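# Analysis of the macromolecular model
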Amino acid sequence: MGPNMITNFDLFAIIPEILILILIVIVMVVDVFRKKIENNNIISWITFIGLTFIILITALFLFPGDEMDYAWGGMIRVDAASFTFRLIVLVGAAITTLFSMYHQEVNNKGEYFAMLLVSVIGMSMMAASSNLIMLYLAIETTAIPLYVLVGFLTKNNFSVESGLKYFLFGALTSAVLLYGFSLLYGFSGSTHFAEILVAIEASKIPTGLLFFILLLTVVGFGAKISGFPFHFWAPDAYQGAPTPIAGYLSTASKAIGFIVIMRFMVSIFSSEPQSWTLLLAIIATASMFVGNLLALVQKNIKRLFAYSSIAHAGYILIGVASGTTLGFKASMYYLLAYLFTNLAIFGVIHIVEKSTGSNEIDAFKGLMKRNPGLALVFLIAVLSLAGIPPFGGFISKVLVFMAAIDANLIWLLIIGIINSIIALYYYLTVLRITFTDSEEIESQAVYYGWKLALAVCVLGIIVFGVIFSPWLNWLEVASTNLMLFH
Amino acid sequence: MGFPILSVTIFIPLLAGLIILLFGRQRQSWIRPIALVASSLVLLLTLILWASYSIEQAGYQFIEYIPWLPDLGISYHLGVDGIGIAMLVLTGLVVFTGVLVSWNIENRPNEFFSYLMFLATSVLGVFSSLDLFLLFFFLELAVFPKYLMIVIWGSPKTRNYGGMKLTLYLFIGSVLALIGALAIYQASPERTFDLLLLENAGFSPEMQRIWFPFVFLGFAILGGIFPFHSWAPDGHVAAPTAISMLLAGVEMKVGVFAALRVGIMLLPEGAKHWATWILVLATINVVYGAFIAMIQKDFKYVIGFSSVSHMGLVLIGFASLNYDGLLGAGLQMFSHGVMTALFFSIVGMVYDRTHTRDIASLGGLYKIMPWATIGFIIGGLVSMGMPGLSGFIAEIPIYMGVWRVAPIVAIISVISIVVTAAYILLVVRKVFFGDLPQEFEGKIKDITIKDKIAIGVLSLFMIVIGLVPGLMVPLIETGVNHILVILGGA
């Protein structure tokens, strides 16, 4: 196989991305003729149906099973791990699309959905990249649409401001990351992960420098998962962004950050497992404490869940920092359950925001009286975050804690457990407000699209909470493949 | 595997709770009948379990086994021994009477009864679990119904504080136990959560000594062990009546039951090593709880602290690690559960009518509610350990058992009998006898027929067990013998 030949396998490897590209074209074309169509939600429905179709195709035909291979001359890897995270992104984007319906400022704008889809392509590529150039391109393809989406509410100064903040922070961390990449390339002479590893094993990179590179790359990736101390953008961005986008940032975008970290660490730094696992364990500890402690004092519900999502990045990092197959499996499971959970949270916040015009915690007062269905969805999602069965968050937490014990990280386990106690306090406080005090507010109609999205989320939370075996078997393959990097 | 009677018992309330939650708003009149039918079915099924448990055969019975996550050694494994049966019957009784005494809840009844049913599922599940993971699964299930029921229907002044305190303490206890449980899992040769396999896992004595405090203390916090007992009175007082009944009557038993099942039975060497410390803490529970109960001005706090005191006796029974102590502890778990449920139900009935729990401003209620008075006196006699009632057959073996290992503990803790008698008689005299205060004259009515049924059922069990100990002693004995084998064999 010559380097310039495009094989069928290459095309096969990026079928979802090709389909998304087609979908983007359709969306843009429909957008041109939109004025002739009465239905304001037509674009979001097209996007949703298109994404559902792509999800089905991917899930049914593109599961690589145990096979691992490179495509595009080693640019991307086709394995169960990239498959898994591609699905996470697609599902996240589909649910985000549903929540974006009936949002008067975004639902009739083709560019909003086009941006969303471009970011999906970028993330999908991030999950599969096995080359520094490819990875960097994918990261930027993801980040630029997200900057735009966060600042999309141009009539709202706060949204624009938060978009700008997100952009500045993102650009800065990307630059640091790129510096790390350039050092890697400079010393190893290659951009392929596998060849860099060979160079490192041949001691071409001095150990001190390697640690410096590790720090630089962790800065870049840490910002993607909003781990401490690279979390500063998250509360502002979540608060200012259109709420569905905040949900998307906290789930799909975060998940992709994690797969990149996992892939990068086990491939490039596999010769230095102690240093990167320790570094990630420290970040995990700090993220959990900072996220949970700051969440305690929040008055704004979006900020509260932004800090909670920082804390969850910490829990998920416990699994990654254990550096074992079990740990990666646990983190992946956590991310899957977290996808549905946090999307449900931000979905409910979005709907409440629509009806009350506020995203303060007090807007949730008496939600159980106004709209019991919505309050129950919120209850399920919050309990899942708190790690209460029979919801996905419980088994996810147990799995990462088991991974910590398995890797002899007892101190990290204890920190994780202390943090789940702290977190329970504010989760219960939010639930108390939702379920007790009542106020007379016109209840918001929950549209069909939103109902569908919430139903999918609740189903996801419960299914991941009571049926474990099939998913774990699948993730076993994904994490084993990830570890077997050559 | 025959008819999955345990699963049916566990999931009837869950199903009823879901139905009530989803459809109760539209059909208000269905809520209470559904809850009553479900709780009666649970009581009936637990009684059937009691009747059909084979004492000759002993061991775990009504086993159900479905692999859940075989890779990690997690399975849906149910089964009960004699102690488990007693606990299931206790739960059936308390849930049934809890529904009866909550009949007049008017504020959001659909949520109230559905959360009550969820709580029942959680508790029944813990008592039937033969898998450590499953046990935690059911245990944590109770977090949100407990919390929400206290903050929504609890007593307005303290519900936010009491509810949060209780939930956090119980959560801390359960995660502490979870750390220990994960360590047990990690140390087990088969990497399993299956309790039956873990019982024979043969953990090294060092490992048992390190992890026993985590598991035992974690679960014992749920049982109100000193110095982590303060959630119990605060939480019970803040909670609505039915929840106080369930929390004190059953949830505290969940704690000590799990401490026995996971702590003592899986880590017997650890139990032997730490028994002295448990005895010290439990003795403080017994004596301190009783003295504090005596100086309370609030009717409900008296009962709250009396629970702390009585649960200490259960822990003393455990820590004596011999036949008498364990037998007494098992009986005390049942007896105290029924008794405290009775107490809290009567406190609730009194409060609903007088709107005060201040002992000083109550009095003479005997004339208006004789049934409640008699019920309270029966409960009081059980509490004092009067012969002929269930409290006697429970407490005497505990004292006998602990006498053999640490006579000083027996001597100190016997003080509590006197103190208990003092505060119970004091409350009975001040609340039910004496003169009826002017403001209640003609304003308060007798308790309803449903309340009377609840009092009658609970009293009946205490009297029958007291008069015919043979109904329950052999049952508990089967469980105790098994524990003794484990303790001896280790």
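Along each chain, numbering runs from 1 in the same order as the chain's sequence is written. Numbering of ligands from 1 and lettering of chains from A proceed in the order in which they are written. Whole-chain, interface and lining totals are the exception, using all residues; otherwise, since this is a predicted model, local features are given only for residues with pLDDT of at least 70 and side-chain atom pairs are given and counted only at 80 or more.

### Digging into the overall build of chain B
From N to C terminus, chain B includes 19 helices and two strands. It is over C-alpha atoms that the radius of gyration is taken, and the globule rule equals 2.2 Å times the number of residues to the power 0.38. Relative to its length of 490 residues, chain B is compact, with a C-alpha radius of gyration of 21 Å against a globular reference of 23 Å. Seen through its C-alpha atoms, chain B measures out along the principal axes to roughly 70 × 55 × 40 Å. In chain B, once contacts between residues fewer than 6 apart in sequence are set aside, the share between residues at least 24 apart is 81%. Secondary structure elements are defined from DSSP: runs of H or I of at least 4 residues count as helices, runs of E of at least 2 residues count as strands, and each element is numbered from the N terminus. By definition, residues are in contact whenever their C-beta atoms, placed on the basis of the backbone, come within 7 Å of each other.

### Examining the overall build of chain A
Counting its regular elements, chain A contains 20 helices and two strands. The C-alpha radius of gyration of chain A comes to 21 Å, within 12% of the 23 Å expected for a compact globule of 486 residues. Each principal axis of the C-alpha distribution contributes one length, and for chain A these read about 70 × 55 × 40 Å. Counting every position in chain A, which comprises 486 residues, the buried fraction comes to 59%. With C-beta atoms placed from the backbone, a residue is buried if 20 or more other C-beta atoms are within 10 Å of its own, exposed if 12 or fewer are, and partly exposed between those counts.

### Notes on the environment of Tyr 112 of chain A
Residues and elements named next belong to chain A. As for its placement among the helices and strands, Tyr 112 is situated in helix H5 (residues 110-128). By C-beta crowding, Tyr 112 is classed as buried, having 27 other C-beta atoms within 10 Å. Taking the C-alpha atoms as reference, Tyr 112 lies 9.5 Å from Ser 44; in sequence the two are 68 residues apart. Discounting chain neighbours no more than four positions away, the residues touching Tyr 112 are Val 106 and Phe 152.

### A short note on the interface of chain A and chain B
Each partner contributes residues to the interface: chain A has 26 residues there, and chain B has 24 residues. Secondary-structure elements contributing two or more residues to the side of chain A that touches chain B are helix H16 (372-386), helix H17 (392-406), helix H18 (410-435) and helix H20 (469-483) of chain A. No other element matches the 11 residues that H18 of chain A contributes to the side of chain A that touches chain B. Amino acids are sorted into nonpolar (Ala, Val, Leu, Ile, Met, Phe, Trp, Tyr, Cys and Pro), charged (Asp, Glu, Lys and Arg) and polar (every other residue, Gly among them). Split into classes, the residues belonging to the side of chain A that touches chain B amount to 21 nonpolar, three polar and two charged.

### Some remarks on the nonpolar core
Counting residues in hydrophobic clusters, the biggest one holds 389 residues, and the most contacted among them are Leu 117 and Val 382 of chain A together with Leu 315 of chain B. The element contributing the most residues to this core is helix H14 (residues 325-356) of chain A, with 20 residues. When sequence neighbours within four positions are dropped, the list of residues in contact with Leu 117 of chain A reads Ile 20, Leu 23, Ile 24, Val 27 and Thr 47 of chain A. In this description, a nonpolar core means buried residues of the types Ala, Val, Leu, Ile, Met, Phe, Trp, Tyr and Cys, linked to one another by C-beta atoms lying within 7 Å.

### What to know about the packing of H16 of chain A against H18 of chain A
Residue and element names in this part refer to chain A. H18 packs onto H16 with a crossing angle of 175 degrees between their chain directions and a minimal axis gap of 10 Å. Our classification of the angle between H16 and H18 gives roughly antiparallel. Contact residues: H16 offers Ala 375, Phe 378, Leu 379, Val 382, Leu 385 and Ala 386, while H18 offers Ala 423, Leu 424, Tyr 427, Val 430, Leu 431, Thr 434 and Phe 435. Axes here refer to lines fitted to C-alpha atoms; in helices the fit is confined to the stretch in contact. Angles between the N-to-C directions go from 0 to 180 degrees. Note on angle classes: values under 35 degrees are labelled roughly parallel, values over 145 roughly antiparallel, values of 65 to 115 roughly perpendicular, and the remainder oblique.

### Some words on the confidence of the model for chain A
Residues shown with low pLDDT carry predicted positions that ought not to be read at fine detail. In the predicted model, chain A carries a mean pLDDT of 89, and 96% of its residues have values of at least 70. Within chain A, the element-level pLDDT minimum falls on helix H1 (residues 8-13) of chain A, averaging 82, and the maximum on helix H13 (residues 301-322) of chain A, averaging 94. pLDDT measures how confident the predictor is about each residue, on a scale from 0 to 100.

### Thoughts on unusual backbone geometry
Along the chain, Phe 228 of chain A connects to Pro 229 of chain A via a cis peptide bond; the corresponding omega equals 0 degrees. By the element assignment, Pro 229 of chain A lies in the loop between helix H9 (207-224) and helix H10 (233-240). For the bond from Phe 226 of chain B to Pro 227 of chain B, the omega torsion is -5 degrees, close enough to zero to count as cis. Looking at the secondary structure, you find Pro 227 of chain B in the loop between helix H9 (205-222) and helix H10 (231-238). Despite not being glycine, Asn 408 of chain A has its phi angle at roughly 65 degrees, a positive value. For Asn 408 of chain A, the location among the structural elements is in the loop between H17 and H18. Using a count of 11 C-beta atoms within 10 Å as the deciding quantity, one classes Asn 408 of chain A as exposed. At His 355 of chain B, a position not held by glycine, the phi torsion is positive, near 60 degrees. Looking at where His 355 of chain B falls in the secondary structure, it is placed in the loop between helix H14 (323-354) and helix H15 (370-384).

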